[in-house]
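Overview (structure and organization)
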Amino acid sequence: MNRIESFKVNHDLLEPGVYISRVDGDITTFDMRFVKPNTPPFLPNPVMHTIEHLFATYSRNSRYSDKIVYFGPMGCRTGFYFLVRDMDNETALRLIKDVIFQCINHKGDIPGNTRQECGNYLEHDAEGANKALNEYYSLLKDKTVDNLAYNN
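Residues numbered from 1 in each chain as written. Predicted model: local features only at pLDDT ≥ 70, side-chain atom pairs only at ≥ 80, totals over all residues. Heavy atoms only, no water.

1. Some thoughts on the overall build of the protein
Selection criterion: The secondary structure listing takes helices from DSSP runs of H or I that are at least 4 residues long and strands from runs of E that are at least 2 residues long, numbered from the N terminus. Taken over C-alpha atoms, the radius of gyration is set against a globule rule of 2.2 Å times the number of residues to the power 0.38. Partly exposed residues are those whose accessible area sits between 20% and 50% of the maximum for their type, while under 20% is buried and over 50% is exposed, using a 1.4 Å probe and protein chains only. By definition in these notes, contact holds between two residues if any of their heavy atoms fall within 4.5 Å. Calculation of accessible area relied on Shrake-Rupley with a 1.4 Å probe; when residues are assessed, cover is drawn exclusively from the protein chains displayed. Charged residues are defined narrowly, with Lys and Arg counted positive, Asp and Glu counted negative, and His plus the chain ends left uncounted. Every charge is mapped to an atom, namely NZ of Lys, CZ of Arg, CG of Asp or CD of Glu.
On a plain count of helices and strands, the protein comes out with three helices and four strands. Going from N to C terminus, the protein has its helices and strands arranged as β-β-α-β-β-α-α. Since a compact globule built from 152 residues should have a radius of gyration of about 15 Å, the 15 Å found for the protein is in line with a globular shape. Within the span of the protein, comprising 152 residues, buried residues form 42% of the whole. Of all intrachain contacts in the protein linking residues separated by at least 6 positions in sequence, the fraction that spans at least 24 positions is 66%. Summed over its atoms, the accessible surface of the protein is roughly 8,700 Å², and 48% of this surface lies on carbon and sulfur atoms. Side chains of the protein carry 17 positive and 20 negative charges; the gap between the two charge centres is 2 Å.

2. Some thoughts on the packing of aromatic side chains
Aromatic ring pairs are defined here through the distance separating the ring centres and the angle between the ring planes. Rule in force here: To pair, rings of Phe, Tyr and Trp, with the six-membered ring standing in for Trp, must have centres within 6.5 Å; the planes then decide the type, stacked if under 30 degrees apart, edge-to-face if over 60, and tilted in the middle.
Under the criterion given, the structure shown has eight aromatic pairs. Plain terms: the ring middles of tyrosine 19 and tyrosine 150 are 5.0 Å apart, the flat faces sit at 25° to each other, and that makes the pair stacked. Here tyrosine 19, found in strand β1 (residues 17–24), pairs with tyrosine 150, found in the segment after α3 (126–140); they are 131 residues apart in sequence, far enough to count as distant. Aromatic side chains phenylalanine 34 and tyrosine 136 sit 3.9 Å apart centroid to centroid with 10° between the ring planes, which places their arrangement in the stacked category. Residue phenylalanine 34 is located in the loop between β2 (27–33) and α1 (45–60), and its partner tyrosine 136 is located in helix α3; the two are separated by 102 residues in the primary sequence. An aromatic cluster of at least three residues, connected via ring pairs, comprises Phe34, Phe55, Phe71, Phe80, Phe82 and Tyr136.

3. A few points about the pattern of salt bridges
The condition that has to hold: Salt bridge, as applied in this entry: a Lys or Arg side-chain nitrogen positioned within 4 Å of an Asp or Glu carboxyl oxygen.
Applying the stated criterion across every chain yields a total of eight salt bridges. Close ionic contact of arginine 94 with aspartate 98 constitutes a salt bridge, the shortest N to O distance being 3.1 Å. Taken as a pair, arginine 94 and aspartate 98 lie in helix α2 (residues 89–104) at a separation of four residues, close to a single helical turn. For arginine 94, a relative accessible area of 43% corresponds to the partly exposed category. Residue classification places aspartate 98 among the partly exposed residues on the basis of a relative accessible area of 34%. We note a salt bridge from glutamate 135 to lysine 131, for which the minimum N-O separation is 2.9 Å. Here lysine 131 and glutamate 135 lie together in helix α3, a separation of four residues that amounts to about one turn. A relative accessible area of 49% places glutamate 135 in the partly exposed class. Residue class for lysine 131 comes out exposed when judged on its relative accessible area of 54%.

4. A few points about α3
This is how the line gets drawn: An expected span of 1.5 Å times one less than the residue number is assigned to each helix. Relevant arc is that of directions from the helix axis to the C-beta atoms, nothing else. For the purposes of these results, a polar contact is taken to be a pair of N or O atoms within 3.5 Å, where, inside protein, one atom must be able to donate a hydrogen and its partner to accept one; residues adjacent in sequence count only when each atom of the pair is a side-chain atom.
Over its 15 residues, α3 extends 20 Å from the first C-alpha to the last, a length consistent with the 21 Å expected when each residue adds 1.5 Å. All of the buried residues along α3 are Gly128, Ala129, Ala132, Leu133, Tyr136 and Leu140. Projection of α3 onto a plane perpendicular to its axis shows the buried side chains occupying an angular sector of 130°, all on one side. Opposite the buried face of α3, at more than 90 degrees from it, the exposed residues are Glu127 and Lys131. Elements in contact with the buried residues of α3: β1, β2, α1 and α2. Regarding α3, its N-cap is aspartate 125, as a side-chain oxygen of that residue lies 3.3 Å from the backbone nitrogen of glutamate 127 further along.

On their own, these measurements won't tell you what the molecule is for.
Okay, structure coming up:
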């Protein structure tokens, strides 16, 4: 079998940040790495679940909603993949920063968090998500498109 592209990245060299994982035609996949790989503690599932609900909601309610393809967690619990269509890297990075900032400042109920809307609506951690989002935003706020390439 062929090795998939994300397995070709040397995870020992990967630091938290945001990276262009791959480009497939008009779709760009961003690797939003919150945690250094293979370096616990990893993001707990309830924290990731809450971030997923918040980020997906705010990004799909942005002015770029028609360009959002997917946002979801990595199985290794170190971050998320964000897929956008037909969007330049500078706009995508600004969107990521803006949405993270909105997630940090979210007040009230977690969007989509009822039994009818979510398959695991009881497993959320808003406080833990806010802490992880704040740490990630501190790391991300000064990043530019020059920082989007993997360093390996």
